[in-house]
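As a plain string of letters, each chain reads:
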Amino acid sequence: MRRNLTRGLTALLLAGFPLGSCAPREAAADAAADTAAEAAAAPVALPAVDEPRRLSVMFFGAPTANGPHHDPITRYRVLKKAFGAVGIDLTYREDPEGALRRDVLAAFDAVLLYGNWAQNAPMPREQLDALIGYVEAGGGFVPVHCASACWGRSPRFVGLVGARFQSHGGEEFQVENVAPDHEILQGLEGYRAWDETYVHDEHGDDRQILQVRDGEPWTWVRRQGEGRVFYTASGHDHRVWDMKPFQDLLRRAVLWAVGPDRAKLLDELGLPTLEQEAVSLPGYRQRREITEGQKPLSPAESKKLIQVAPGMDVQLFASEPDIVNPIHVAWDHRGRALVLETLDYPNNLQAGNIGHDRITICEDTDGDGRADRFTRFAEGLSIPTSMCFANGGVVCTNGSEMLFLRDTDGDDVADERRVLFAGFNMGDTHAGPSNLRQGVDGFVYATIGYSGFRGEVGGVTHQFGQGVFRFRPDGSSLEFLQNTTNNTWGLGFTTAFDVVGSTANGNPSWYVTHPRAAYERAELEQPRTPAADDNPLFFPMSEDIRQVDQFDRYTAGAGHAVYTASRFPAEYQDRVAFVCGPTGKLVGSFELRRVGGGYRAVQWPNNLFCSADAWTSPVCAEVGPDGAVWVCDWYNLIVQHNPTPSRASAGVDAKTGKGNAYETPLRDQQHGRIWRVFPRGSADDAEPDLDPDAPASLLAGLDHPNQLWRLHAQRLLAERAARVPLGKSEFAALEQRLTRAPASIHALHLLAQTGGLTPGHLEASLRAADEGTRRAALRLAPAEVARQRYVVDGGIDAAGRELAEVLVRLAELPADEAIGAAVYASAVRLGSDLFAERALRDAWTMAARAHAAPVLAAAAADGRTADAPVAQQNLLP
């Protein structure tokens, strides 16, 4: 391994390794053998039959090890679109140990099974008991096609399905209805398609056959206990699944399987009729003029078409006429929601950046979860996109400017309006600055699209576009961090303050490797932010999707808020980022998995939020002070900005406006909603009652489990310390928090910001058990202190992102024999893992270049390279 490593040492020092591939899927644990006993399964408590609601169905699939011919996830995507508007929520699972449990099944009205599971093996006893107990208690079971080939050595499962797969051929055919009066088949349109010609054995004698193929039983229903089972052999591939009659068959099957009492709940909900009206809507997916569009719905009716993640609830916080076109929401230190509304977007640009847009303070004064007091904090804004809090006011994007707004007399109306700096190009209004976020280091972080920036900040001229930057909240300095892959609308922080984000087109998740300054120091070309995702298809619950590119993907990916509170279940906390897909009417969930010094973002098939209402357009999803995720619903039939279609592509002519978006009267300026998503039955996070004039309240706020409150507490303490120096007791309180993560991260930065950080604090924190604390100390410590900790005192013992940051800091020091030996040793230890991820690879290359001669000397002493002198000569200035 060392021989292979050092053979490429010179090339690595000069240019770096190619990226490697991700780790394979973990293998599932072996299932326990089924005893096939006829023991009765314990009943399962099913969802209550109490109030009108949508139906909830688990789509239970299987990993696609058998290739695309039986690919559950694509069938789920098709059916989710078909079922959304008819009131059936689909939730995807493919983990039998986690899904086929009594407590999990109890949340669903029915289970639809499609996938290849253990044809020649028994079903694990606990899973089988749970599934049968669920059905016998009244749950619906809808096995489809290859489901009859699953767990063929479990007689109880075969009996539940009604038969067992034996063999098949394949041809085009149409099945024959033999029970046309059954409620599932009444009036059902037939279809002809190619499918596998299933033949079964182990036929049950308690079935009612609904359809046959050449005399072979094909579709049937049966009862077991209080439950109902529907099976059809149709559905090999998308030649069947994409057909409306087949989708209708499965819809009817679900409604029958859940039973009349549960089906009645959906009837009582009263799904809205999606009325259409004549429109002229050019372009989009069809590349032709669309002549009909859905009419808008009231918030109450629109809510009936919303699905949230399993175990979650959704509640309306605010809507028109109180707010319209909400593009961003942020919360002050009192927990009040400030909502940015932009009526001028996209083409109504105003001279002097004085427009019709505004910031509204929305308050819930009676504690019912709904805003009931609305105060215009600021008006006369021009296409603002985001805001954050600083220095007693609000920093806000505003056309070509970065503004500071402040209320100086306590009436909640900004009477101070000051330009911090200017230079944002407004040639394209959806490609400017956005995603302002307060950082732990005292900077404001932000993104920018391809319109770019050219201006002077703090006496320094900057020019950049399409990337991530940060600036001091007083506008005194600015630093560009890294270019992104395309138009950029998403930014987020983990608890340890890794910087992640999303772009508008085909790259919904990326991460920052290292700041541009680190690459310039090493004379190394900085890459664009590496993609953490693989440009995945998304999972809308509506067929009324309009896109001009990146079809069925995040063509308008916006936001990348990491869940950094504790109200959501543990699997979300500091692990899941929320990315809005407004063209798909959804907020997707991406699990961030560590790879080297960066991330791999894996999209969950179950969105946090999605809707079948064609007007719903989530453009912002943020973690609120209550621990809920707040969703800004732009609520517009048309949400994409460009391109402007031509007559050749769309059959009509369209005009491009001043904001580089096509002109259309369908851009609505009368609607907008804000929704809150939270675990069902959970309480709001407690508010810490932060008082800017009471340091004790702010110090206590550093311990809050919600990062939003910790950042407010840190900011207010730092701003107060600039006016009134901290006393001994406050410093002592900060020191106490150095051992309590994640408060320790904020405490370290506060000590640095207020002049109280000592070498002792750093040395102790560099050895903390918490990685985030060590990394915070590493960023604040002098590079020589990092050398002492990670080189002299036992070698580089870090891994992952911490190792990457250690190497970047060591690259700041002059060439050093001990560092060179440690850097070489780290490469030997990592082996091929060094190649697998860009941030770690680049960090090692920076350190190796800074200490080239010692690194090569260590390699030569190890006897693994013959060309050290040549490499050394090439590396030296």
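Residues numbered from 1 in each chain as written. Predicted model: local features only at pLDDT ≥ 70, side-chain atom pairs only at ≥ 80, totals over all residues. Heavy atoms only, no water.

(A) Structural detail: the overall build of the protein chain. Within the protein chain one finds 25 helices and 39 strands. The principal-axis extents of the C-alpha atoms in the protein chain amount to approximately 85 × 70 × 60 Å. The burial tally for the protein chain puts 62% of its 877 residues in the buried class. For the protein chain, the exposed area adds up to about 32,700 Å²; of that, 48% sits on carbon and sulfur atoms. Each charge class in the protein chain was averaged separately, 86 positive and 113 negative side chains, and the resulting centres sit 3 Å apart. (Helix = DSSP H or I, 4+ residues; strand = E, 2+ residues; numbered from the N terminus. Buried < 20%, exposed > 50% of the residue type's maximum accessible area, 1.4 Å probe, protein only. Areas by Shrake-Rupley, 256 points an atom, 1.4 Å probe, with all protein chains shown as cover. Lys, Arg positive; Asp, Glu negative; His and termini not counted. Charge placed at Lys NZ, Arg CZ, Asp CG, Glu CD.)

(B) The sheet that holds strand 30 (residues 499–503), seen in detail. Spatially, 29-30-31 is the arrangement adopted by the three strands of the open sheet, whose pairing is antiparallel. At either end of the open sheet lies a strand with only one pairing partner, and these are strand 29 (488–493) and strand 31 (510–511). Bridge count between strand 30 and strand 31: two bridges; the pairing is antiparallel. For G501, the partnering residue across the bridge sits in strand 31 and is W510. (Pairing = 2+ DSSP bridges.)

(C) Structural detail: the side chain of S302. Inspection of the secondary structure puts S302 in helix 11 (residues 299–303). For S302, a relative accessible area of 0% puts it in the buried group. Excluding anything up to four places from it in sequence, S302 contacts L297, D613, T616, Y635 and R673. (Contact = heavy atoms within 4.5 Å.)

(D) How the structure looks around the packing of helix 17 (residues 743–753) against helix 19 (residues 771–780). Packing of helix 17 against helix 19 leaves a shortest axis separation of 8 Å and a crossing angle of 20°. Judged by the angle between their axes, helix 17 and helix 19 are roughly parallel. For the pair helix 17 and helix 19, the sense of crossing is right-handed. Seen from helix 17, the contacting residues are S744, I745, L748, H749 and A752; seen from helix 19, they are G772, T773, A776, A777, R779 and L780. Considering only residue class, the contact of helix 17 with helix 19 consists of six nonpolar, four polar and one charged. (Axes fitted to C-alpha atoms, helices over the stretch in contact; angles between N-to-C directions. Parallel < 35°, antiparallel > 145°, perpendicular 65-115°, else oblique. Left-handed = near helix turned anticlockwise from the far one by under 90°. Nonpolar A, V, L, I, M, F, W, Y, C, P; charged D, E, K, R; others polar.)

(E) Quick look at the side chain of D428. Examined against the element boundaries, D428 turns out to sit in the loop between strand 22 (416–422) and strand 23 (433–438). Look at D428: it is buried, it has no salt bridge, and the nearest opposite charge is R667 at 9.5 Å. Polar contacts involving the side chain of D428 include one to the side chain of H430, which spans 2.5 Å. Every residue in contact with D428, bar those within four places of it in the chain, is listed here: Y450, S451, H641, N642, G659 and N660. (Salt bridge = Lys/Arg side-chain N within 4 Å of Asp/Glu carboxyl O. Polar contact = N/O pair within 3.5 Å; in protein donor to acceptor, adjacent residues only side chain to side chain.)

(F) Spatial organisation of the environment of D411. Note that D411 resides in the loop between strand 21 (401–406) and strand 22. Of the residues examined, D411 reaches a relative accessible area of 40% and is grouped as partly exposed. Taking the C-alpha atoms as reference points, D411 and E837, separated by 426 residues in sequence, lie 52 Å from one another. A polar contact is formed between the side chain of D411 and the backbone nitrogen of V413, at a distance of 3.0 Å.

(G) Highlighting empty space enclosed by the protein. Taken as a whole and judged by the stated rule, the model has six cavities of 30 Å³ or more. The calculated volume of the largest cavity comes to roughly 80 Å³. Taken together, twelve residues form the lining of the largest cavity, with R546, P582, T583, L637 and V639 sitting closest to its centre. Within the lining of the largest cavity, the residues separate by chemical class into six nonpolar, three polar and three charged. (1 Å grid on protein atoms, 1.4 Å probe; cavity = no way out; pocket = protein on both sides within 12 Å on 5 of 7 lines; lining within 4 Å. Points joined across faces, edges and corners; volume = space filled by probe spheres on them.)

(H) Examining the pairing of strand 1 (residues 55–60) more closely. Most of strand 1 sits inside the fold, with six of its six residues counted as buried. Judged by which residues are buried, strand 1 turns out to be covered on both faces: L55, V57 and F59 on one side and S56, M58 and F60 on the other are all buried. As paired strands, strand 1 and strand 2 (residues 88–93) are joined by six bridges and run parallel to one another. Paired with F59 across the two strands is Y92, which belongs to strand 2. Sheet analysis places strand 1 next to strand 3 (residues 110–113), joined by four bridges and oriented parallel. Within the sheet, the bridge partner assigned to F60 lies in strand 3 and is L113.

(I) Highlighting unusual backbone geometry. Each neighbour pair has its own omega, and for E320 with P321 the value is 5°, a cis peptide bond. Note that P321 resides in the loop between strand 14 (312–319) and strand 15 (326–331). A cis amide bond links Y345 to the next residue, P346, at an omega of 5°. In this structure, P346 sits in the loop between strand 16 (337–341) and strand 17 (357–363). Its identity as a non-glycine residue notwithstanding, A118 has a phi of 45°, on the positive side. Its place among the elements puts A118 in the loop between strand 3 and helix 6 (125–136). For A118, a relative accessible area of 33% corresponds to the partly exposed category. Positive phi, close to 50°, is recorded for N535, a residue that is not glycine. With respect to the helices and strands, the residue N535 is situated in the loop between helix 12 (516–521) and strand 32 (558–562).

(J) Quick look at the confidence of the model for the protein chain. Per-chain confidence: the protein chain averages 91 in pLDDT, with 91% of residues scoring 70 or above. Low pLDDT, under 50, characterises residues 1–39; the stretch is placed with 72 contacts to residues that sit more than four places away or in other chains. Every residue in residues 866–877 scores below 50 in pLDDT, and together they form 13 contacts with partners more than four places removed in sequence or on other chains. (pLDDT = per-residue confidence, 0-100.)

(K) Highlighting the pairing of strand 21. Taken across its six residues, strand 21 has five buried, putting it largely inside the fold. By the bridge criterion, five bridges tie strand 20 (residues 393–398) to strand 21 in an arrangement that is antiparallel. Bridging across to strand 21, V394 finds its partner in L405. Where strand 20 folds back onto strand 21 in an antiparallel hairpin, the turn is made up of two residues, including G399, whose phi is positive at roughly 60°. Relative to strand 22, strand 21 runs antiparallel, the two being bridged by six bridges. Note that in strand 22 the partner of E401 across the bridge is A422.

(L) Main features of helix 19. Burial analysis of helix 19 places seven of its ten residues in the buried class, which makes it a mostly covered element. Buried residues along helix 19 sit in contact with strand 34 (586–595), helix 17, helix 18 (759–765), helix 20 (783–792) and helix 21 (800–810). Capping the start of helix 19, D770 holds a side-chain oxygen 3.3 Å from the backbone nitrogen of G772, two or three residues further along.

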